[in-house]
Amino acid sequence: HLWQHDLYPRRDAGRIGSPMKYISTRGQAPSLNFEEVLLTGLAADGGLYVPETIPQMSAADIKALRGLSYEETAFRVMRPFIGDTFTDDEFREIIAKAYASFGHDARAPLVQLGPNHFLLELFHGPTLAFKDFAMQLIGQLFQAALGRSGERVTIVGATSGDTGSAAIEAFKGLDAVDVFILYPHGRVSEVQRRQMTTPAESNVHALAMDGHFDDCQARLKDMFNDFDFRDGVRLAGVNSINWARVLAQVVYYFSSAVSLGAPDRAVSFSVPTGNFGDIFAGYIAKQMGLPIDRLVVATNQNDILHRCLTTGDYTTSEVHPSISPSMDIQVSSNFERALFYAYGQDGNAVGQLMDELKQGGFRVSQGALQALSEHFDSGRVSEAETSATITEMQARTGEILCPHSAIGARVGDQHQTGATPMITLATAHPAKFPDAVEAATGYRPGLPNRMADLYERSERVTRVNNDLSALKALVRDRITR
């Protein structure tokens, strides 16, 4: 059922690089090359794709990144994963286009918060969130791959806020793609919603679904697992299940660590995360050879990842809406990738855990929990603590943090030890969550000039029920033939 094998024949002429294969976390799907993984998203066995082997960067390779542009760093870090899908020149052009619209020349600048605590600003992209780093790249990768095959695909995504707007921004107006984004009705910020509903391009469709994010994500997976539908509409995925999303995020771990002295000095990272994709990218960077001491998972009151990493128990419960809505998640898709490595790359064990998850949860074995603890720490931040951190950070540093970034900063402070620098990932611009910021500081952050008219633009949205057959019918009806 992997229709890409027929639609996208290998075009190896002029390609440079060794074959790079990807395998499923559940061990039952065929291995694919980078282009096939890019366009497939979810594996046929329901698993997620990971590299068969993780490319290595030597200390000399990492040192050579010092002083380079973000784009050149991205090329060097990602190049080994691409295999023979693109030539060097093609891949450099894709990267250049991906980051040309960012509002800061450094793309991911560092700001100092305290004596050994730094903020990595990942919100200078077109939709003011870290998702732009991956989504802008994926948009260009899709355009390049589909452009040479002459085929169309249908992208369906689920979002808790930022992924959807970043995907729509990246794919709007592209020739070969129709985009449908499911978001939980009434559970995203107004800025997030408007970024999804105001683009006028006819190939993008914002769908406000009744329920919460986990419902949206479940219907998305259902569509991928209906092979007749998947093949019929040529379904492709850009959620963080897509390996290329993770790969793009690996780059800023390298760029920031090198700025602070890597590889001669180890660094730690605090990452506000709900779906585990952003912090899993840090794990890949570490496995490539970047000297990362600790990767700290920062959660809000929906703290299933913190509970699992501290107790081994992954039991889903009710999602409680918060002022950090992008983390209001109970089913963290990318955690499956971390479990795959924690269980010694045993696809059968992972498949069994995911079957148990459908029944409400699972327990991580003692050995796997020990393996996770070698890399990951975690912390939980309440609503009151989140607001207090926004207030304190403005007073101490002048920095205005979005609620998600504040959670990362608070947990980062708690885990910063000794001489090892802590880098907190600032995942969104404060103007995306103005109500929470204003409540904490009395200051209402404004949008950058390029987006100042967002509240005046007309919206275009379809309200949908949590109904798989109705969703499939809507997608079939609206795609461009």
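None of the values given here were measured: they were computed from a predicted structure.

Rules behind the numbers
- Residues numbered from 1 in each chain as written.
- Predicted model: local features only at pLDDT ≥ 70, side-chain atom pairs only at ≥ 80, totals over all residues.
- Heavy atoms only, no water.
- Helix = DSSP H or I, 4+ residues; strand = E, 2+ residues; numbered from the N terminus.
- Rg over C-alpha atoms; globule rule 2.2 N^0.38 Å.
- Buried < 20%, exposed > 50% of the residue type's maximum accessible area, 1.4 Å probe, protein only.
- Lys, Arg positive; Asp, Glu negative; His and termini not counted.
- Charge placed at Lys NZ, Arg CZ, Asp CG, Glu CD.
- Axes fitted to C-alpha atoms, helices over the stretch in contact; angles between N-to-C directions.
- Left-handed = near helix turned anticlockwise from the far one by under 90°.
- Contact = heavy atoms within 4.5 Å.
- Nonpolar A, V, L, I, M, F, W, Y, C, P; charged D, E, K, R; others polar.
- Expected span 1.5 Å × (residues − 1).
- Pairing = 2+ DSSP bridges.
- Salt bridge = Lys/Arg side-chain N within 4 Å of Asp/Glu carboxyl O.

Colleague: Please explain the overall build of the chain as it appears in this structure.
Modeller: Secondary structure assignment for the chain yields 20 helices and 15 strands. The globule rule puts the C-alpha radius of gyration for 481 residues at 23 Å, and the 21 Å found for the chain is close to it. Per-residue burial over the chain gives 63% buried out of 481 residues. Within the chain, the 56 negative side-chain charges are centred at a point lying 2 Å from the centre of the 44 positive side-chain charges.

Colleague: Hey, could you run me through the packing of helix H11 (residues 243-259) against helix H12 (residues 277-288) in this one?
Modeller: If you want to describe how two helices pack, look at the angle between their axes and the distance between the axes. Taken N-terminus to C-terminus, the directions of H11 and H12 make an angle of 65°; their axes are 8 Å apart at the nearest point. Considering only the axes of H11 and H12, their crossing is right-handed. Listed contacts from H12 to Trp243, Val246, Gln249, Val250, Tyr252, Tyr253 and Phe254 of H11 are Gly277, Asp278, Ile279, Phe280, Ala281, Gly282, Ile284, Ala285 and Met288. Tallied by class, residues from the contact of H11 with H12 come to twelve nonpolar, three polar and one charged.

Colleague: Teacher, can you tell me more about helix H18 (residues 403-415) here?
Modeller: Between its first and last C-alpha atoms H18 spans 19 Å; for 13 residues at 1.5 Å apiece the expected length is 18 Å, and the two agree. Looking only at H18, the buried set comprises Pro403, His404, Ser405, Ala406, Ile407, Gly408, Ala409, Val411 and Gly412.

Colleague: In this structure, what is going on with the pairing of strand E4 (residues 117-121)? I would like to understand it.
Modeller: Regular strands show a simple pattern: their side chains alternate between the two faces of the sheet. In terms of burial, E4 is largely enclosed, as five of its five residues are buried. Both faces of E4 are covered, namely the face carrying His117, Leu119 and Glu121 and the face carrying Phe118 and Leu120. Taking the residues between adjacent antiparallel strands as the criterion, strand E3 (residues 110-114) and E4 are bridged by two residues. Across five bridges, E4 lies against strand E14 (residues 422-426) in parallel orientation. Across the sheet, the residue bridging to glutamate 121 is alanine 426, located in E14.

Colleague: So what exactly am I meant to see when it comes to helix H7 (residues 162-171) here?
Modeller: Residues separated by three or four positions in an α-helix point in the same direction, a consequence of the helix having 3.6 residues per turn. With nine of its ten residues buried, H7 lies for the most part within the structure. When H7 is considered as a whole, its buried residues turn out to be Asp162, Thr163, Gly164, Ser165, Ala166, Ala167, Ile168, Ala170 and Phe171. Along its buried surface, H7 packs onto helix H6 (131-149), strand E5 (153-158), strand E6 (177-184), helix H8 (190-197), strand E7 (204-209) and H11. Where H7 ends, the next residue or the one after it, glycine 173, has phi of about 80°, a positive value.

Colleague: For this particular structure, what's the right way to read the pattern of salt bridges?
Modeller: Two side chains of opposite charge can pair, provided their charged atoms sit close to one another. Following the criterion strictly, the structure yields 28 salt bridges and no others. Lysine 63 is the salt-bridge partner of aspartate 264, the closest N and O atoms lying 3.5 Å from each other. Here lysine 63 lies in helix H3 (residues 59-63) and aspartate 264 lies in the loop between H11 and strand E9 (267-272), a separation of 201 residues in the sequence. Under the relative-accessibility criterion, lysine 63 is labelled partly exposed at 38%. Linking glutamate 190 and arginine 194 is a salt bridge whose minimum nitrogen-to-oxygen distance equals 3.0 Å. In this pair, glutamate 190 and arginine 194 both sit in helix H8, four residues apart, roughly one turn of the helix. Its relative accessible area of 36% is what places glutamate 190 among the partly exposed residues. Here the salt bridges share partners, and the residues they tie into one network are Glu190, Arg193, Arg194 and Glu459.

Colleague: Help me out: how do you make sense of unusual backbone geometry in this one?
Modeller: Here the amide bond leading from alanine 262 into proline 263 is cis, since omega sits at 10°, within 30 degrees of zero. If you trace the backbone, proline 263 turns up in the loop between H11 and E9. We note that leucine 128 has phi near 65°; this positive angle belongs to a residue other than glycine. Along the chain, leucine 128 turns up in the loop between E4 and H6. For phenylalanine 276, which is not glycine, the phi dihedral falls at a positive 70°. Mapped onto the elements of the fold, phenylalanine 276 is located in the loop between E9 and H12. Assessed through its relative accessible area of 0%, phenylalanine 276 is described here as buried.

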